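Structural characterization, general
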Amino acid sequence: MTNAPRTPDAARAPLPAATPVGYPRIGPDRELKKAEEAYWSGRIDRAEFARRTRALRDETRARLAELGLTGPAAIPETFSLYDQVLDAALAVGIVPDRFADVLGADGASSADGSGSADGTIDLDGYFALARGTAEQPPLEMTKWFDTNYHYLVPEIGPDTDLHIASTQVIDLFRESLEGGADAAARPVLVGPLTLLLLAKAQDGAPAGFDPLDRLDDVVAVYAELLARLHEAGATWVQLDEPALAADQRIDPQGLAALLERAEGRLASAEDRPQILVTTPYGGIGDLLPGLLATGIEAVHLDLTRGEIPSATQLAGVGRTVIAAGLVEGRSVWRTELPTAAARLALLRERVAEAGGDPGAVVVSTSVSLQHVPHTLERETDLPADLRATLAFADEKIAEIVALAGSSVAPGSVDGPRSVPRDFAGVRRNDVRERTAGLTAADLERSAFEVRGAAQQSRLGLPVLPTTTIGSFPQVAGVRRARADHRAGRIDDAAYEKAMREEIRCVVALQEELGLDVLVHGEPERNDMVQYFAEHLDGFATTAHGWVQSYGSRCTRPSILFGDVSRPAPITVGWSTFAQSLTDKPVKGMLTGPVTILAWSFVRDDQSLGETADQVALALRDEITDLEAAGIGIVQVDEPALRELLPLRASDQDDYLRWSVDSFRLATSGAADATQIHTHLCYSEFNEVVDAIDALGADVTSIEAARSRGEILEALDPERFSRGIGPGVWDIHSPRVPATEEIRSQLSAALDRVGEGRLWANPDCGLKTRGYEETTESLRHLVEAARTVRERA
Ligand code: GLN
Ligand code: ZN
């Protein structure tokens with residue numbers, strides 16, 4: 001591969017001085033979600049759906065132009081009807097055989113649902129892959145790097161017929177041209193290497209097949225797409241390669257070789273737009289020189305997590321443009337512009353030192369802005385001093401525009417600065433004194449044997465006890481009561497009465513079913529993190545701060561801006577009410593510190609570990625109050641423990657240390673006779689089994705329905721020594737498991753872990769299930785546990 005200047009494109013339009021990696025696509029009022037839900041339910045037809053999504057894109061383009069993104073290729077076209085990984089997979093024809101039916105339908109691939117072509121997928125086919133059909137489950141969904149966004153996992157085999165199965169990327173470019181040449185978008189696709197690294201072998205693929213085996217074939221289709229974009233007049237195309245920022249299943253040398261092969265091939269294609277490769281979500285270290293050598297025209301670097309590259313690393317920069325990702329796209333804090341400007345100046349010096357053109361460095365975001373809400377403009381209820389420190393997507397675009405302009409000289413005093421975060425609530429002496437006084441003893445409980453005996457004599461549980469994970473179905477009445485209370489349509493007393501009524505039903509049902517450890521059902525919680533955020537000091541909530549989680553699903557993360565403390569008990573009233581209704585033990589239900597951090601926007605002016613300890617102390621006080629009120633079992637959920645695991649193995653030990661410590665801090669104040677449970681929501685148990693053991697919970701329930709074999713394997717009694725409940729009912733589907741199916745799972749688990757340690761429970765909370773399947777499934781679960789118990 002050479003770095004010889006190429007002129008594939010007569011226009012050779014420069015990359016604009018300021019341009020983000022991507023922008024939110026759900027719409028400031030969740031227009032995309034609303035249009036999708038209306039279309040899926042049949043309330044609007046395809047034409048109306050196309051009209052609405054088109055309007056959303058037009059408004060987005062107008063807004064971005066207004067924010068200063070003007071000129072060809074300034075606006076990255078990151079709209080997606082559901083997911084950018086699915087879009088890229090379809091662009092090159094990665095459709096699993098099990099969905100062969102949806103290909104070649106009479107529909108169209110274009111975003112507006114018009115036109116037609118053979119071998120392409122239409123709108124309903126697209127949604128079939130995303131959401132499943134009566135016959136086929138959807139593509140699997142999993143987390144996009146270390147964010148809360150979820151992508152669809154492409155399934156590919158050795159014989160998958162690769163071809164352009166969706167022309168959306170071209171159609172959207174053409175659409176942007178309708179706004180005039182100056183509005184020409186920069187088409188964006190997930191890059192070929194990342195696409196295949198995120199893909200999995202489709203069912204039935206021969207052992208040893210790796211999706212990467214199809215790299216050359218996939219790259220050939222990308223080349224075709226590039227040619228068509230070029231023909232349509234695109235001057236730039238953006239290929240996102242975030243996989244370069246994470247440790248992968250192949251070693252760095254292997255990765256570098258594949259990268260050079262893929263991007264190098266695209267760079268040597270005859271007719272193509274100029275190529276910008278982005279590398280969001282972290283530093284790419286030694287992969288930079290290889291990337292610069294491929295002959296692509298621009299490389300984006302995440303400089304909020306990665307270092308400014310050295311002149312040596314930049315040696316091959318030549319005429320390559322560097323897009324400096326200086327504005328953090330994952331957080332909601334304003335950028336310290338003078339600091340960022342100084343780093344930009346340093347990068348320019350290094351580029352010059354390496355023989356490149358310092359003037360060709362442009363300013364960008366670290367990652368796509370899809371992880372932050374649209375705009376701060378409408379958040380008028382936020383305290384003014386907090387608001388002054390925040391920047392959502394639109395404000396971050398203003399930041400890159402400012403940095404790219406001359407208004408922010410390094411060290412300049414008149415450039416826009418970030419406002420110091422030093423207002424009321426950010427630092428609280430009472431909280432700081434408590435964390436400063438913590439010692440190792442605060443993380444310890446008595447030996448497990450001692451606790452176990454005390455708990456057994458208090459609780460008197462049978463062998464193989466049965467329980468649930470916490471929430472019960474959230475019926476319409478419950479949701480309505482919460483919404484009415486929030487809106488002031490019903491008063492506290494009416495709300496309390498509605499919740500108590502629900503708790504009464506949930507407790508009665510569990511008694512009737514014969515479960516051993518009961519829950520109150522969590523009817524008062526809209527969301528397991530937001531509920532706690534709303535009851536703790538140090539958090540703010542937004543009115544419109546929606547962020548896409550996946551497809552049509554959005555969350556409104558809270559903002560953890562200050563020192564965290566608990567002004568009053570949070571859950572004690574509900575739990576003790578439930579306990580008053582039964583002689584069976586009722587399990588108190590809390591969300592753990594790591595999960596609270598993972599699903600909020602967290603302050604970045606101190607380490608996550610420090611913040612986690614503050615949350616942990618608040619939870620510790622809550623447990624003390626639950627105990628004093630007579631609750632003998634408390635579950636502290638940590639479903640996000642695995643999610644926050646850093647992308648680089650070298651960062652993982654530090655993370656596991658503070659995260660495990662925060663859980664221990666939250667739970668170690670409990671008396672010996674108080675049984676601490678935790679719940680973890682993922683099946684890649686093996687990787688973190690030691691950390692989970694280190695949490696020290698008396699009982700751990702985990703999601704297991706999807707990869708039972710591996711989980712049983714991991715449950716080596718030598719490695720994991722306390723109570724364990726591998727989920728025996730996959731609550732992600734409405735299917736009711738038969739008693740015999742659960743019985744055989746339980747007995748296999750019993751053989752592995754031994755009696756006295758095994759619990760019987762579903763995979764996760766039941767909030768999204770209906771009562772009918774819940775009742776039936778739990779009945780089977782209790783029956784199965786009884787049968788196995790008799791054998792034990
Ligand atoms: N206790 C929570 C519930 O049952 C746990 C949810 C979760 O693991 N995500 O809903
Ligand atoms: Zn769960």
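Our structure's up above, just so we're on the same page.
Rules and cut-offs
Residues numbered from 1 in each chain as written. Chains lettered and ligands numbered in written order. Predicted model: local features only at pLDDT ≥ 70, side-chain atom pairs only at ≥ 80, totals over all residues. Helix = DSSP H or I, 4+ residues; strand = E, 2+ residues; numbered from the N terminus. Rg over C-alpha atoms; globule rule 2.2 N^0.38 Å. Buried ≥ 20, exposed ≤ 12 C-beta atoms within 10 Å, placed from the backbone. Contact = placed C-beta atoms within 7 Å. Axes fitted to C-alpha atoms, helices over the stretch in contact; angles between N-to-C directions. Parallel < 35°, antiparallel > 145°, perpendicular 65-115°, else oblique. Left-handed = near helix turned anticlockwise from the far one by under 90°. Nonpolar A, V, L, I, M, F, W, Y, C, P; charged D, E, K, R; others polar. Pairing = 2+ DSSP bridges. Near = placed C-beta within 6 Å. Core = buried A, V, L, I, M, F, W, Y, C linked by C-beta atoms within 7 Å.

The next point concerns the overall build of the chain. Scanning the chain from N- to C-terminus turns up 25 helices and 21 strands. For the chain, whose C-alpha radius of gyration is 27 Å, the value lies close to the compact-globule estimate of 28 Å for 792 residues. Along the first, second and third principal axes, the C-alpha set of the chain runs to 80 × 60 × 55 Å. Looking at the chain as a whole, 51% of its 792 residues qualify as buried. The long-range share in the chain, meaning contacts at least 24 apart out of those at least 6 apart in sequence, stands at 78%.

Time to look at the packing of helix α7 (residues 215-232) against helix α8 (residues 252-267). For the pair α7 and α8, interaxial distance at closest approach is 9 Å and the crossing angle is 30 degrees. Considering their axes alone, α7 and α8 lie roughly parallel with respect to each other. When you trace α7 past α8, the crossing you get is right-handed. The segment α7 lies against α8, with L215, V219, Y222, A223 and L226 engaging L258, A262, R265 and L266. Considering only residue class, the contact of α7 with α8 consists of 8 nonpolar, no polar and 1 charged.

Read from one edge of the open sheet, 3 strands run β12-β15-β17, paired in mixed fashion. Two strands lie at the open edges of the sheet, namely β12 (537-540) and β17 (601-602), each paired on one side alone. As judged from the 2 bridges shared by strand β15 (residues 559-565) and β17, these two strands associate in the parallel manner. Paired with L560 across the bridge in β17 is V602. Strands in contact with helix α20 (residues 608-628) are β15 and β17; relative to β15, the strand with the most contacts, it is inclined by about 55 degrees.

Attention now goes to the site of ligand 1. Every one of the 13 residues lining ligand 1 counts as a neighbour, but I469, G470, S471, P639 and G765 are closest to it. Looking at the shell around ligand 1 residue by residue, the class counts come to 6 nonpolar, 4 polar and 3 charged.

Another point: the environment of D182. Tracing the chain through its elements places D182 in the loop between α5 (168-177) and β5 (186-190). Put simply, D182 and L69 are 113 residues apart on the chain and 9.9 Å apart in space, counted from C-alpha to C-alpha.

What follows concerns the pairing of strand β16 (residues 587-591). Every regular strand shows the same layout, with side chains that alternate between the two sheet faces. Counting buried positions over the 5 residues of β16 gives 5, a clear majority of the element. Of the two faces of β16, both are covered, the one formed by K587, M589 and T591 as well as the one formed by G588 and L590. Judged from the 5 bridges that link them, β16 and strand β18 (residues 633-637) form a sheet pairing that is parallel. Considered in β18, the bridge of M589 is made with Q635.

What follows concerns the pairing of strand β9 (residues 298-302). In terms of burial, β9 is a largely internal element, 5 of the 5 residues being buried. Burial of β9 is two-sided: the residues A298, H300 and D302 facing one way and the residues V299 and L301 facing the other way are all buried. As paired elements, strand β8 (residues 274-278) and β9 share 2 bridges and run parallel to each other. Across the sheet, L276 pairs through a bridge with A298, a residue of β9. Where β9 and strand β10 (residues 321-327) come together, 5 bridges link them in parallel fashion. Paired with A298 across the strands is V321, a residue of β10.

Turning our attention to the nonpolar core. In terms of nonpolar packing, the biggest core is built from 223 residues, with A324 and L403 touching the most fellow members. Considering each element in turn, this core owes the most residues, 9 residues, to α20.

So, about the environment of L292. Relative to the assigned elements, L292 resides in helix α9 (residues 287-292). C-alpha separation for the pair L292 and G316, spaced 24 residues apart in sequence, amounts to 5.9 Å. Beyond its immediate stretch of four places on either side in the chain, L292 contacts V299, G316, V317 and T320.

Let's shift gears to the sheet that holds strand β21 (residues 723-726). With parallel pairing, 5 strands are arranged side by side in an open sheet as β16-β18-β19-β20-β21. This sheet does not close on itself; its edge strands, each paired only once, are β16 and β21. Within the sheet, the average angular offset between the axes of one strand and its neighbour, ignoring direction, is 20 degrees. As paired elements, strand β20 (residues 699-702) and β21 share 4 bridges and run parallel to each other. Its bridge partner lying in β21, I702 is registered against P726.

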